[in-house]
Amino acid sequence: MPTERPLSPWHLPPDHPAQLFLTGSTPLFALAADPRVSYCLYVPRGHSNTGEPCPLVVAVHGTRRNVGQVRDHFADFAEEHNCVVLAPLFPAGLTGPNDLDSYKFFTEPGIRPDLLLLDMIREAAGRWHIRTDRFHLHGFSGGGQFAHRFFYLHPHSLASLSVGAPGRTTLLDEQTRWWRGTADSTELFGVAPDPTAMADVPVQLVIGEHDTHIEVWEGAEQPGSRMDRLRELRENWDRHGIATRLDVVSDAGHSDVAVIPAVLSFLSGQIAAPASSRHT
């Protein structure tokens, strides 16, 4: 029989005014382990601390860091599916005044965004009744860069993965160093990608049909467009036994809003399916 969870360090009495902000769209909370970063959530209005923990969806922002909008794309979905949505904020300027990208690559000194996300989830679980062993991860653009690199290092943490239109991609390649390849991942992170574990995670790759502008990134050029990068990533993962679902959204360019219906369609199937039967 389900029992109520013990009180967490963040427990509030029922009449505390902050209770009003703990369901629906929450404020941003500074992470206790590193207040430089923060996170907000969407928590269904009927959220309860009894019964089975709610599925968790993590949605990672792009370079513009419109974290509230990213979170709110999933609000109706969270109510319908009784899941909690967590949106991390990795602010610009974490590693220097012109830093926009440190959260995407995991290699800047003094910050490991992948580990900070896991800290956020553990902290949130002290206040909300969420599943922490595996969660659903989506990221678009810069968030897509974060998401697929997180997949290399933490496949056992994921119930599913949705990668949207990353501008720069890392391939499973034991001859090429990070971030283009994974040859030195053990040296950098203490772990090498495990294609067998990755193959157990349902994966969506999603992009707009017209997201074909060719961009050149200073000091990190990759030929081709975002569409080219995503197809190359898919082919690379396929060679390693990692099946993917590719959704190309008609009449859409580089737009997180435009791909959201495809992302929610993918997620609804993953959240509805028992963990033992999830497949792409």
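Residues numbered from 1 in each chain as written. Predicted model: local features only at pLDDT ≥ 70, side-chain atom pairs only at ≥ 80, totals over all residues. Heavy atoms only, no water.

A. A look at helix H8 (residues 226-239). For H8, which comprises 14 residues, the first-to-last C-alpha distance of 20 Å matches the rise-based estimate of 20 Å (1.5 Å per residue) to within 8%. Where H8 is concerned, the buried positions are Arg226, Met227, Arg229, Leu230, Leu233, Asn236 and Trp237. Phi turns positive, to about 80°, at Gly241, one or two residues after H8. (Helix = DSSP H or I, 4+ residues; strand = E, 2+ residues; numbered from the N terminus. Expected span 1.5 Å × (residues − 1). Buried < 20%, exposed > 50% of the residue type's maximum accessible area, 1.4 Å probe, protein only.)

B. Main features of unusual backbone geometry. Here the amide bond leading from Trp178 into Trp179 is cis, since omega sits at 15°, within 30 degrees of zero. In this structure, Trp179 sits in the loop between strand E7 (158-164) and helix H6 (185-189). With a phi close to 60°, Ser141 is a non-glycine residue in the positive phi region. A relative accessible area of 13% means that Ser141 is categorised as buried. Of note, Ala165 is a non-glycine position whose phi angle comes to about 45°, a positive value.

C. Layout of the packing of helix H5 (residues 142-153) against H8. In contact at an axis separation of 13 Å, H5 and H8 are set at 15° when each is read in the N-to-C sense. As the angle between them shows, H5 and H8 are arranged roughly parallel. The interaxial crossing formed by H5 with H8 has left-handed handedness. In contact with His148, Phe151 and Tyr152 of H5, H8 contributes Leu233, Asn236 and Trp237. (Axes fitted to C-alpha atoms, helices over the stretch in contact; angles between N-to-C directions. Parallel < 35°, antiparallel > 145°, perpendicular 65-115°, else oblique. Left-handed = near helix turned anticlockwise from the far one by under 90°. Contact = heavy atoms within 4.5 Å.)

D. Structural context of the nonpolar core. Core analysis: the biggest nonpolar cluster contains 77 residues, and Phe135, Leu161 and Trp237 have the highest contact counts within it. Looking at this core, the element that brings in the most residues is helix H9 (residues 256-272), giving eight residues. Not counting residues up to four positions away in its chain, the partners in contact with Phe135 are Leu56, Val58, Leu117, Leu118, Ile121, Phe150, Ser157, Leu158, Ala159 and Ser160. (Core = buried A, V, L, I, M, F, W, Y, C linked by side-chain atoms within 4.5 Å.)

E. Representation of the packing of aromatic side chains. The full count for this structure, using the stated rule, is 12 aromatic pairs. Seen in terms of ring centroids, Phe29 and Trp128 are 5.8 Å apart; in terms of plane orientation they differ by 70°. Their pairing is edge-to-face. Of the two residues, Phe29 is situated in strand E2 (residues 29-31) and Trp128 in the loop between helix H4 (113-125) and strand E6 (135-140); the sequence distance between them amounts to 99 residues. Here Trp128 falls in the buried class, since its relative accessible area comes to 2%. Pairwise contacts between aromatic rings join Phe90, Tyr103, Phe106, Phe135, Phe146 and Phe150 into one cluster. (Phe/Tyr/Trp six-rings, centres within 6.5 Å; stacked < 30°, edge-to-face > 60°.)

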